[in-house]
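Structural description and commentary
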Amino acid sequence: MTSNNKHKLQAIRHLTGSTYVLEMERRGMEFEAGQHILLGAEDNIHKREYSIYSGTKDEQLEVLVKEVEDGMVSKQLKKISEGTYLEIEGPLGFFSIDPELILAKRKFLFIASGTGIAPFHSMVKSIPGLDYTLLHGVRLVDEAYEKDTYEEGRYILCTSRDDKGDFQGRITDYIKQHEFDKDTVCFFCGNFNMIREAMNLLEKKGIPPSQLHAEVYF
Amino acid sequence: MKYHIVQLGCQMNISDGERVQQVLEGMGFVPTDNEAEANLLGVIACSVRQKGIDKVYTMVNKWNKSKNNKNLITFVSGCVLPADREQFLKLFDMVFPMSDLPDFPNMIKQYGIVTPAGLQSLDEGLKDLKIAEPVSANPKELTLAPVEPITGQKQTSLLRPDAGIRDFWHISPKYGSGFEAYIPIQNGCNKFCTFCAVPYTRGREVSRPSSEIIGELKDLVNNGYKSITLLGQNVNSYGLDKKSDELSFAELLEEIGRFGDDSKRDFWVYFTSPHPRDMGDEVIEVIAKYKCLAKQIHIPVQSGDDSMLVRMNRKYSMEKYRGIIHSINRLIPQATIFTDIIVGFTGETEEEFENTRKIMEEFKYNMAYIAQYSPRPGAASSRWADDIPKDVKKERYHKLTEELMKHSLRYNNNLIGKELKVLVRGKDRKEGYLSALTEGKIIVRFASENESLIGEYALVKISSAVPFSTEGELVSIYEQSSSMAGSQA
Ligand SMILES: Cc1cc2nc3c(=O)[nH]c(=O)nc-3n(C[C@H](O)[C@H](O)[C@H](O)COP(=O)(O)OP(=O)(O)OC[C@H]3O[C@@H](n4cnc5c(N)ncnc54)[C@H](O)[C@@H]3O)c2cc1C
Ligand code: SF4
């Protein structure tokens, strides 16, 4: 790794028993909404990729992390005390919206599973006036991470294990039952199996592959 | 004082190794093939497969045992993941990234080894530093920097205070061949394909100044080199890290092409590897325009299926890739096309594999380096299930290889009866034959015991073909003015 930047952890916001937001010093880091960083505990050789959750104009730098069962880094990060330092490399990646599409006032469909909502949270906070619909697939209603961020009617929670969301079932079931404008630009993020299935469905519904963009977490 | 280096991995490592050798020989070390008689033992490591790294552990344990009965120091550099670096620090005397190579003489001196050049003050040696500095500060108005000839020169100190990858590039390599050479133009990668560890071992993309690249290339050409390969993990994102302060890859090729025309010398310039995401028509147009830019393009596809490309985080669709191949076929119809493919990547379904088989048929590659997927330590996919059984991977590998052989044979059969210009590279495995490559990197072997042809261009008439190679008869040594010029292959 070429350079490691140390950013002080200012607070941890626990959203559920396993999912939390790390609030770090930003230290002037410039990024585009949708990009990710490599993050790990100070002086620890193990780092993992995390999408930036905060907006480009926010004072702090935030990531949304789900503690993975038997996972290494996601467990370590959860236990880190406030005031200690984290090591960051980045910003990295190309999962961001082409400014020309924003200028052209295109319609966006954001499709996320679990913590895959993180880059969309950043996009919505960073780009005013974005014409988007966000489909968020989770198991239970308490995983609707900070849904108040999103404008009324733009956030659709799909819950597969309870009926307390806006739609009961998986994201792919939602897509099957709905129609989408053919010029919608789609962004997918999170679990690969969901992304693969959702992409195929939308392609079959007539959205060309050049309008499908994805970031795979696992 | 003798040294011995074990080089593992790709062309990039070989090219890095050439610079390490230059530093050591500049300090007065003499190379030896016999490990047992070396006082300095080193390895340029490769992390692509666990096997390669295991080899390094085995080697260093053996070397450390022989430290009991002789004076020996060891080092490791190259592609090393952070976790292995930590372990290596306990096993090797010196562990350093390639960008620290300019400081290598200092590190060796700390071990109290006195070498002829080591006696000289390092600062004094700065005077002799062979650096190609840009003549113009604006790369768009670039003129070629004066550089010394390569041959017979001994370099001593290679230090600059702001040592880093840029200083590493200032070190002239000890080229392994007198007619073929690699020029690193860029180091590192920003792409993070999920199957690859390079972004973790080599860090982010850094472009080497174009004035140095062109200086090194000019030097090589003036010394008679005939095949020069520009090397980088992502050659066509060259210059992007410098925003508008550096040439783009197409502009770099244009400079090289112009130099080729002006020099009136005969040479072929290749590059590897480009990334489809950054491949625009402007690169293909420049290749079409200049004679010295070889009409052979290596464009890794990895998979022919859009879902797999997403999982691999390749950041292009088959639509984009198809567009590139169409542009090559339209602008340089004579070009040969090579690729890289991975079969059996995590979760690859039969249908997804079938899409890859179909593109083999569609694009009719001249060569494909096909790999059966195995997780690479450090890469994102190494944490995912490697869920395609070995025998399925093998079967997919064989299916693609069969497809490839079919197209390669068809192409090579079409060469029969043609006279081709080839670069003779060495003795062939077949007794009494020499082996050569066409501009399109098609293997040509022909009967000849005349070793003085090695490193020269020749005209060969193709008489027979098999997949991946051809055989022919020597027509003549190729003369630059030869009007026949040989049709391109
Ligand atoms: C570009 C990119 C961006 C990412 N952004 C985020 C992010 O914003 N938030 C986030 O929580 N994670 C994100 N991830 C996943 C993250 O990098 C780690 O893989 C994850 O935190 C597990 O690391 P670990 O060391 O705890 O587990 P490891 O010890 O590495 O074990 C990994 C295991 O966990 C599985 N896994 C990985 N992520 C998840 C998950 N979210 N849910 C269930 N299983 C999982 C893997 O398939 C693997 O089997 C991202 C991954 C990538 C490639
Ligand atoms: S395979 Fe991908 S990540 Fe690896 S060096 Fe090439 S572009 Fe970079």
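Residues numbered from 1 in each chain as written. Chains lettered and ligands numbered in written order. Predicted model: local features only at pLDDT ≥ 70, side-chain atom pairs only at ≥ 80, totals over all residues. Heavy atoms only, no water.

**Some words on the site of ligand 2**
In the vicinity of ligand 2, the residues found are Cys189, Lys191, Phe192, Cys193, Phe195, Cys196, Val198, Pro199, Gln233, Asn234, His275 and Arg314 of chain B. Its residues assigned to classes, the shell around ligand 2 comprises seven nonpolar, three polar and two charged. (Near = heavy atom within 4 Å. Nonpolar A, V, L, I, M, F, W, Y, C, P; charged D, E, K, R; others polar.)

**Section: empty space enclosed by the protein**
Over the atoms, a rolled probe matching the size of one water molecule traces out where space is still vacant. Residues and elements named next belong to chain B. Evaluated as defined, the whole model comprises three cavities of 30 Å³ or more. In this structure, the second largest cavity spans a volume of roughly 60 Å³. In terms of lining residues, the second largest cavity is bounded by Ser47, Val48, Cys79, Cys196, Ala197, Val198, Thr201 and Arg376. Counting contributing residues per domain, the lining of the second largest cavity is built from domain 1 (1-168) and domain 2 (175-293), each supplying no fewer than three. (1 Å grid on protein atoms, 1.4 Å probe; cavity = no way out; pocket = protein on both sides within 12 Å on 5 of 7 lines; lining within 4 Å. Points joined across faces, edges and corners; volume = space filled by probe spheres on them. Domains from an automatic or database assignment.)

**Details of the nonpolar core**
Within the largest apolar cluster, 58 residues are counted, with the highest numbers of intra-cluster contacts made by Leu217, Leu230 and Phe249 of chain B. When residues are assigned to domains, this core turns out to be shared by domain 2 (175-293) and domain 3 (295-413) of chain B, each giving three or more. The contact partners of phenylalanine 249 of chain B, leaving out residues within four places of it in the chain, are Ile185, Leu230, Val235, Asn236, Tyr238, Phe271 and Val283 of chain B. Ile111, Leu201 and Leu202 of chain A together with Trp384 of chain B belong to the second-largest nonpolar core, a separate cluster that totals 35 residues. (Core = buried A, V, L, I, M, F, W, Y, C linked by side-chain atoms within 4.5 Å. Buried < 20%, exposed > 50% of the residue type's maximum accessible area, 1.4 Å probe, protein only. Contact = heavy atoms within 4.5 Å.)

**Thoughts on a positive patch on the surface**
All names here are of chain B. Where like charges cluster on the molecular surface, the positive patch consists of Arg49, Lys51, Lys55, Lys390 and Lys394. Listed by contribution, the elements that provide at least two residues to the positive patch are helix 2 (50-66) and helix 14 (390-413). Relative to the assigned elements, lysine 394 resides in helix 14. (Patch = residues over 30% accessible without salt bridge, like charges linked within 9 Å, V, L, I, M, F, W, Y side chains within 5 Å. Areas by Shrake-Rupley, 256 points an atom, 1.4 Å probe, with all protein chains shown as cover. Salt bridge = Lys/Arg side-chain N within 4 Å of Asp/Glu carboxyl O. Lys, Arg positive; Asp, Glu negative; His and termini not counted. Charge placed at Lys NZ, Arg CZ, Asp CG, Glu CD. Helix = DSSP H or I, 4+ residues; strand = E, 2+ residues; numbered from the N terminus.)

**Comments concerning the domain arrangement of chain A**
All names here are of chain A. Split by domain assignment, chain A resolves into domain 1 (6-92) and domain 2 (99-217). Counting from both sides, the interface comprises 20 residues of domain 1 and, opposite them, 17 residues of domain 2. Interface area, domain 1 with domain 2, both sides summed: about 1,400 Å², of which 52% is carbon and sulfur. It is Ser51, Tyr53 and Leu64 in domain 1 that bury the most area against domain 2; as a group they hold 34% of the surface buried on that side. Between domain 1 and domain 2 we count two salt bridges in total. (Buried area = accessible area lost by both parts, 1.4 Å probe.)

**A closer look at the packing of aromatic side chains**
All names here are of chain B. Scanning the entire structure with this criterion turns up 26 aromatic pairs over all chains. Geometrically, the ring pair formed by phenylalanine 88 and phenylalanine 92 is edge-to-face, given 5.4 Å between the ring centres and 80° between the ring planes. Overall, phenylalanine 88 belongs to the buried group, its relative accessible area being 0%. Aromatic pair tyrosine 321 and phenylalanine 363: ring centres 5.6 Å apart, planes at 50°, arrangement tilted. Of this pair, tyrosine 321 sits in helix 12 (residues 318-331) while phenylalanine 363 sits in helix 13 (residues 350-363), and the two are 42 residues apart along the sequence. (Phe/Tyr/Trp six-rings, centres within 6.5 Å; stacked < 30°, edge-to-face > 60°.)

**Quick notes on the sheet that holds strand 18 (residues 469-477) of chain B**
Residue and element names in this part refer to chain B. Taken together, five strands build a closed barrel; the order of strands is 14-15-16-18-17 and the barrel is mixed. In this sheet, neighbouring strand axes are inclined to one another by 50° on average, regardless of whether the strands run parallel or antiparallel. Bridging between strand 14 (residues 419-427) and strand 15 (residues 433-438) involves five bridges; their strand directions are antiparallel. Paired with lysine 427 across the bridge in strand 15 is leucine 434. (Pairing = 2+ DSSP bridges. Axes fitted to C-alpha atoms, helices over the stretch in contact; angles between N-to-C directions.)

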